[in-house]
Amino acid sequence: MLARLFTTQPLFVVAMGLSALFMYAPMFVAASQENWLVARTFFYYATFFVILSGILAVPFLGRKKRRTAVEYLVGVFAILVVLPAMMALPVHALVGHLTFFQTYFEMLSCLTTTGASLLDDPASIDGAIHFWRALVGWLGGYLMLVVALSIFAPLNIGGFEIYSSKGSSDKRLDFIVTADTGARVANFANKIAPIYITLTAVLAVCLVLSGQAPMVAAVHAMAVLSTSGISAVDGLPSAGGGFVAEFVMLLFMLFAVSRYTMLQDKDGRGWKSFRRDKEVNIALICIVAIPMLLFLRHWTATFEIEAYQDGYAAMASLWGGVFTVLSFLTTTGFESKSWSASQMWSGLETPGIIFMGLAIMGGGVATTAGGIKLLRVYVLYKHGMRELEKLRYPSSVGGSGKKIRAMRKDGAYIAWVTLMLFVLSIGIVMLTLSATGISFEDSLALAIAGLSTTGPLLAISSDTGLSYSEISDASKVVLCVAMILGRLEALAVIALMNASLWQK
């Protein structure tokens, strides 16, 4: 079924039709709560867009066209720009205090898995709307998983360029501009869907068993798997479930650390590759070393202020650091319930720059996480170590095989280019936000939050307490551009402007 859809219909039409069908889900949620106004609103808009999608699909029926990667990249770009307007219509009709552009910003934030919300009081919003927000983020995460494996991988972008030499890149470029990408998209969509749905359902059930309400558990399950960080309540401290819920969520956040958690590699090694994956190693170093340093910082502060040494508070502080560090490393953005307790324990605040750095690093290649990706960080580290070795022994020859040598050379070069593009993007977004009247510190937090798709970063890193609802519409426009650029990555946008792709 999917294969036929992707070979006959443009990606945007398929995404529009599926989004319209999923719009019935919050309708059923509202109906189960006997909130008939919300149920009718979602029903009317869902039905309208299902009919509209059918009308748009009619001209393409029976026309099998071989669509290349560049057409699908354009389709993904159109989805991120246009589809949030469709998704925002029922929310705009139900949430009266938001303008249409503000609801567009809200839905774009969800679709890009950023999770930057304008709803400062979640309790005042109906549960079905929160469910729709989380569902849009969940669909956005699924979209990026499929796009990364079916489009980014053959084009050697999105982190896959690390293992490709120049010759192999040229061969892949010739292949991808002539091959039918629709078959690849359909293939990975079929493979990923059952895994993605099953993991979300299992996590939701576990959260319900831990003590969270069914609606809250469903929203958090979708938010963790998609790394959107969307919540139906005011964060985890208000969600219930305690340590058990956070522990389960932490386990499922690991799926955003490595691509081997979802699918096996081409040699079928799967979990064996996962255990040796360098992204996993870096993530483990981060969630062990950084919380331990933060713990020692808070622990020594308790001696300086002669505070009572509470062993339970110390362990809660350590756990809060582990959970929150992994959450921001995967660009999810949930704060542990114990995180604020750790700061109250010592009386010290944690510098937000730490979480900015974690969000910039991001998660694994071909996952729902944003950032520059852990694999690129590892390649830059290996390249730096090799350069230091050459300073000591100029005539030495780097070992570890041909593949690793190519990674240290061509892979490190493109990783450095990606990092510089990311830093340049931060500078441009900061400069533009500053022109709209936002302070330097808040502009930095907003720029990194948008480009790394980590919306909750603003709350934990801003000293002024700034929220997304307080910034101007001009600033929101800048953030919309930043979220789209951060979700697609600069290399994908550059690939869209590559003349050789369009010529072929």
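Owing to the predicted nature of the structure, the values given are computational and were not obtained by experimental measurement. (Residues numbered from 1 in each chain as written. Predicted model: local features only at pLDDT ≥ 70, side-chain atom pairs only at ≥ 80, totals over all residues. Heavy atoms only, no water.)

(A) Layout of the nonpolar core. Ranked by internal contacts, the top residues of the largest apolar core, which has 147 residues, are Trp132, Ile151, Phe152, Leu446, Leu457 and Tyr468. The residues touching Leu446, leaving out its near neighbours within four places in the chain, are Leu433, Ile438, Leu458, Leu466, Tyr468, Ile471 and Leu479. (Core = buried A, V, L, I, M, F, W, Y, C linked by side-chain atoms within 4.5 Å. Buried < 20%, exposed > 50% of the residue type's maximum accessible area, 1.4 Å probe, protein only. Contact = heavy atoms within 4.5 Å.)

(B) Local environment of helix α11 (residues 242-253). The terminal C-alpha atoms of α11 lie 17 Å apart, and with 12 residues this matches the ideal 16 Å at 1.5 Å per residue to within 8%. What α11 keeps buried is the set Ala245, Glu246, Val248, Met249, Leu250, Phe252 and Met253. (Helix = DSSP H or I, 4+ residues; strand = E, 2+ residues; numbered from the N terminus. Expected span 1.5 Å × (residues − 1).)

(C) Representation of the side chain of Gln102 in the model. Inspection of the secondary structure puts Gln102 in helix α6 (residues 100-111). Within the structure, Gln102 has its side chain in polar contact with the backbone nitrogen of Thr99 (distance 2.9 Å). In this view, Gln102 contacts His97, Leu118, Asp473 and Lys476; residues no more than four positions away in its chain are not counted. (Polar contact = N/O pair within 3.5 Å; in protein donor to acceptor, adjacent residues only side chain to side chain.)

(D) Spatial organisation of the packing of helix α3 (residues 24-32) against helix α7 (residues 127-155). At a minimum axis separation of 9 Å, α3 and α7 run at an interaxial angle of 155°. Considered as vectors, α3 and α7 are oriented roughly antiparallel to each other. Like other packed secondary-structure pairs, α3 and α7 cross with a definite hand, here right-handed. Residues Ala25, Pro26, Val29 and Ala30 of α3 lie in contact with α7, whose contacting residues are Ala128, Phe131, Trp132 and Leu135. Taken together, the residues of the contact of α3 with α7 break down into 8 nonpolar, no polar and no charged. (Axes fitted to C-alpha atoms, helices over the stretch in contact; angles between N-to-C directions. Parallel < 35°, antiparallel > 145°, perpendicular 65-115°, else oblique. Left-handed = near helix turned anticlockwise from the far one by under 90°. Nonpolar A, V, L, I, M, F, W, Y, C, P; charged D, E, K, R; others polar.)

(E) A look at the packing of aromatic side chains. Counting across every chain of the model gives 13 aromatic pairs. Where Phe48 meets Phe49, the ring centres are 5.1 Å apart and the plane angle is 75°; that geometry is what we call edge-to-face. Aromatic pair Trp138 and Tyr196: ring centres 4.9 Å apart, planes at 25°, arrangement stacked. Remark: Tyr196 occurs in helix α9 (residues 181-210) and Trp138 occurs in helix α7; sequence separation between them is 58 residues. Judged by relative accessible area, Trp138 falls into the buried class, the value being 9%. Members of the aromatic cluster, joined through ring pairs, are Phe243, Phe247, Trp319 and Phe323. Its guanidinium or amino end placed over the ring of Phe188, Lys191 lies 5.8 Å from that ring's centre, counting from NZ or CZ. (Phe/Tyr/Trp six-rings, centres within 6.5 Å; stacked < 30°, edge-to-face > 60°. Lys NZ or Arg CZ within 6 Å of the ring centre and 35° of its normal.)

(F) Inspection of the pattern of salt bridges at higher detail. All told, the structure shown has 5 salt bridges when counted by the stated rule. One salt bridge connects Glu489 with Lys373, and the closest N-O pair in it is separated by 3.2 Å. Of this pair, Glu489 sits in the loop between α21 (473-488) and α22 (490-496) while Lys373 sits in the loop between α16 (353-361) and α17 (374-392), and the two are 116 residues apart along the sequence. Here the two residues Glu489 and Lys373 agree in accessibility, since each one is buried. A salt bridge links Glu387 to Lys390, with the shortest nitrogen-to-oxygen separation between them at 3.7 Å. (Salt bridge = Lys/Arg side-chain N within 4 Å of Asp/Glu carboxyl O.)

(G) The environment of Leu18, seen in detail. Along the chain, the position of Leu18 falls in helix α2 (residues 11-22). Judged by relative accessible area, Leu18 falls into the partly exposed class, the value being 36%. Expressed as a C-alpha distance, the spacing of Leu18 and Ser53, which sit 35 residues apart in the sequence, is 9.0 Å.

By themselves, these are just geometric observations and shouldn't be taken as functional.
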